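# A structural walkthrough
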Amino acid sequence: MSAFPISTNVFRNRCCRYVTSLENRLQKLEAKCSELIPGVDLEKLAPQTPGIPGSSTWELPTNPWAAHTSDAPSHPSYTDSFPRISTGFEWSEQGDALNQLADGMAFLSVNPEGAGYLGTSANVALLRSLHHNGWTIDSSVSRVIDSSKTAKPSLREAWAWSEMTHDADLDQLINTLVDSYFRNFHTRYPIVHEATFRAQAEDLAPKPDPESWLLLRHVILAIGGWCMGYDTKGFDELLGAKTQGWSRNTSILSSGSLTLVQAVALKGHFTQRQNNPNTGWNSSGLAIRIAISLGLHREFPAWNISVFDREMRRRVGWCVFVMDAGTAITFGRPILWPTDGMMDIKEPMNVDDEKLTSTTLVAPEESTGSTIYSHLIWQIQFHQLTNSMYTRRMASFDLPAEEILEMDSKISVWEKTLPAYFKHGHVDPSEPEYITTARCRLLWRLACFRIMLHTPLLLRWATEKSVGVLSPQADTEAARRCRELCLEYAHLTVKYTEEYFSLHIFSPMHDWYAM
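What follows deals with the packing of aromatic side chains. Throughout the structure, instances matching the rule amount to 14 aromatic pairs. Aromatic side chains Phe-382 and Phe-449 sit 5.6 Å apart centroid to centroid with 85° between the ring planes, which places their arrangement in the edge-to-face category. One end of the pair, Phe-382, is in helix α14 (residues 374-395); the other, Phe-449, is in helix α16 (residues 433-466), and 67 residues separate them in sequence. One exposure class covers both Phe-382 and Phe-449, and it is buried. One aromatic cluster is present, built from ring pairs that chain together Tyr-181, Phe-182, Phe-185, Tyr-189, Phe-197 and Trp-213. Looking at Lys-207, its charged tip hangs above the ring of Trp-213, at a distance of 4.8 Å from the centre. Directly above the ring of Trp-281 sits Arg-333, whose terminal nitrogen or CZ lies 5.0 Å from the centroid.

Next up, the structure:
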């Protein structure tokens, strides 16, 4: 049998349809702008890229929401949204109760009813703010249902039941999904040691926690299928999860192991990307609790364990840390992992896998170039720098512009310390694809975090401008600079995404992040 079929044409067609839908939405937005600001030259509103010779800064329109002056509220527009009734934050992501507008990146839940709490850094916060200020936000379920008619092919369709009559066919499917996981996902979150997992799968190495290992295996296979662009619905039935997956293993919560942390953390990450954000959030929180119970936030330098075992504790602990911080920012919720003062675990080493194995006796010298652990290391450093900024930003909706600019400046200083292969504009035809995609994701993360910092000041200005009265705080040089930076970073996200798609990588997982 041939390798697992990847329908590149189908995936490319989906991307084309998505781009076409964006073009249509952009045309409607341009028409609305022309209606609100008669005679405006939209080309003059589009900025050049900051930092490039010949570029210019954003020129803000005098009153972009003039048409909504009578409807605009007089209170700040960037605060928490809450439901009408006391039980409104309650949610269910099972069967018919599933919110059709729920999505893994918290973009679409404009109505807070039944969506769970989504704070002001959540991706939907901007839409909610526009809605509060009188804009019509179409959140009808019918559009989502209509779009679902062009669903991506499922694993069941791709690997027909008639082909599953022989064990050899199932073995080939499993091997293909494992390969997909380590080729695509592992290079982003190296929470599992590839050689160890493959040896355990072939019964060449013992499984320290067999029951948890089956859960880990199952979620690795599921993520492998998702990374190939296939719908994983029906996956449990296809791979026998009713007997070896998640359905019967609630008893494992009465124990704790490194394997269980890996399995539950990956389960949470995968579930979020299946548009079950709150269910994924719960799994991620459980992974954090188990990790802390195993002391993965502590280094224990006097502990006489092997170099490999110590390094795996670091990798698992820090992967959980990065996953938690990223998800918390996405949903506008508190970061759960312990703060710097409560954790002393060292960063993972930047080494190639062949230089650190289970038989290694002395820690190897770290590489000065890129490895599959480079992206994790720089994600760690980014969140160590910015988590306190995020906490401060979420604690107050009205931070002074000067404080926001100081935060932004610290990020700029840190950005200069990035290695060349993670800086914008780096070109190396020989670099591994995982470094190219890691660079794209890191640039997106930087720009999006800075947008989150500056957005409240931009929206406050727009709200006050719409009613014709600017507060002293909104009319300062620092506040004006924050507004300009917010729009510049927004433009950069579009530029970075355009550059990514020009690479023609066509990776479903990375495309998910881009879109």
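To continue, consider the pattern of salt bridges. The full count for this structure, using the stated rule, is 19 salt bridges. Note that Arg-460 is salt-bridged to Asp-398, the shortest N-O span being 2.3 Å. In this pair, Arg-460 sits in helix α16 while Asp-398 sits in the loop between α14 and α15 (401-415), placing the two residues 62 residues apart along the sequence. As a salt-bridge pair, Lys-495 and Glu-499 come within 3.2 Å of each other at their nearest N and O atoms. Of the two residues, Lys-495 and Glu-499 both sit in helix α17 (residues 477-502), four residues apart, roughly one turn of that helix. On the accessibility criterion, Glu-499 (29% relative accessible area) is partly exposed.

On to the nonpolar core. Grouped together as the largest cluster of nonpolar side chains are 69 residues, with contacts concentrated most on Tyr-181, Ile-191, Val-192 and Leu-266. Not counting chain neighbours up to four residues away, the residues in contact with Ile-191 comprise Tyr-181, Gln-262, Ala-265, Leu-266, Met-312, Val-316, Cys-319 and Val-320. Among the nonpolar cores identified, the runner-up in size contains 26 residues, and Ile-404, Met-407, Tyr-421 and Leu-457 belong to it.

Spanning 26 residues, α17 covers 37 Å between terminal C-alpha atoms, matching the ideal 38 Å at 1.5 Å per step. Just beyond α17, the residue with positive phi is His-504, at close to 55°.

Once that is clear, we can look at unusual backbone geometry. Positive phi is not limited to glycine here, since Asn-275 has a value of about 65°. Within the element layout of this structure, Asn-275 appears in the loop between α11 (258-272) and α12 (277-293). Residue class for Asn-275 comes out partly exposed when judged on its relative accessible area of 34%. Backbone geometry at Phe-300 places phi at a positive 50°, although glycine is not the residue there. A relative accessible area of 34% places Phe-300 in the partly exposed class.

Another aspect to go through is the packing of helix α8 (residues 210-227) against α11. Closest axis-to-axis distance for the α8/α11 pair is 8 Å, and the angle between their directions is 30°. Compared by their axis directions, α8 and α11 come out roughly parallel. In terms of crossing hand, the pair formed by α8 and α11 is left-handed. Residues Ser-212, Trp-213, Leu-215, Leu-216, Val-219, Ile-220, Ala-222, Ile-223 and Trp-226 of α8 pack against Thr-259, Leu-260, Gln-262, Ala-263, Leu-266, Lys-267 and Phe-270 of α11.

Turning our attention to the confidence of the model for the protein. Looking at the protein, the pLDDT average stands at 78 and 65% of residues meet or exceed 70. Note on residues 1-11: pLDDT is under 50 here. Beyond four places in sequence and across chains, it has 24 contacts. For residues 159-165, every residue scores under 50 in pLDDT, and the model assigns this stretch 16 contacts once sequence neighbours within four places are set aside.

Positionally, Ser-257 belongs in the loop between α10 (241-244) and α11. Only 2.6 Å separates the side chain of Ser-257 from the side chain of Asp-209, close enough to count as a polar contact. Looking at Ser-257, its side chain comes within polar contact range of the main-chain nitrogen of Leu-260, at 3.1 Å.

Relative to the assigned elements, Thr-371 resides in the loop between α13 (307-331) and α14. Relative accessible area serves as the criterion here: at 1%, Thr-371 is assigned to the buried category. Side chain to side chain, Thr-371 and Asn-350 meet in a polar contact 2.6 Å long. Look past the residues within four positions of Thr-371 in its chain and what remains in contact with it is Asn-350, Val-351, Asp-352, Tyr-434 and Ile-435.

If you check α13, its first and last C-alpha atoms are 36 Å apart, about what 25 residues at 1.5 Å a residue would give, namely 36 Å. Most of α13 sits inside the fold, with 24 of its 25 residues counted as buried. Directly after α13, the chain includes Gly-332, whose backbone phi takes a positive value near 70°.

With that settled, consider the packing of α16 against α17. Relative placement of two packed helices is described by the angle separating their axes and the distance separating the axes. Between α16 and α17, the least distance of the axes is 7 Å, while the angle of their chain directions is 150°. Looking at the two axes, α16 sits roughly antiparallel to α17. Regarding α16 and α17, the two cross each other, and that crossing is left-handed. Classifying every residue of the contact of α16 with α17 by side-chain character gives 18 nonpolar, five polar and two charged.

What counts and what doesn't
- Residues numbered from 1 in each chain as written.
- Predicted model: local features only at pLDDT ≥ 70, side-chain atom pairs only at ≥ 80, totals over all residues.
- Heavy atoms only, no water.
- Phe/Tyr/Trp six-rings, centres within 6.5 Å; stacked < 30°, edge-to-face > 60°.
- Helix = DSSP H or I, 4+ residues; strand = E, 2+ residues; numbered from the N terminus.
- Buried < 20%, exposed > 50% of the residue type's maximum accessible area, 1.4 Å probe, protein only.
- Lys NZ or Arg CZ within 6 Å of the ring centre and 35° of its normal.
- Salt bridge = Lys/Arg side-chain N within 4 Å of Asp/Glu carboxyl O.
- Core = buried A, V, L, I, M, F, W, Y, C linked by side-chain atoms within 4.5 Å.
- Contact = heavy atoms within 4.5 Å.
- Expected span 1.5 Å × (residues − 1).
- Axes fitted to C-alpha atoms, helices over the stretch in contact; angles between N-to-C directions.
- Parallel < 35°, antiparallel > 145°, perpendicular 65-115°, else oblique.
- Left-handed = near helix turned anticlockwise from the far one by under 90°.
- pLDDT = per-residue confidence, 0-100.
- Polar contact = N/O pair within 3.5 Å; in protein donor to acceptor, adjacent residues only side chain to side chain.
- Nonpolar A, V, L, I, M, F, W, Y, C, P; charged D, E, K, R; others polar.

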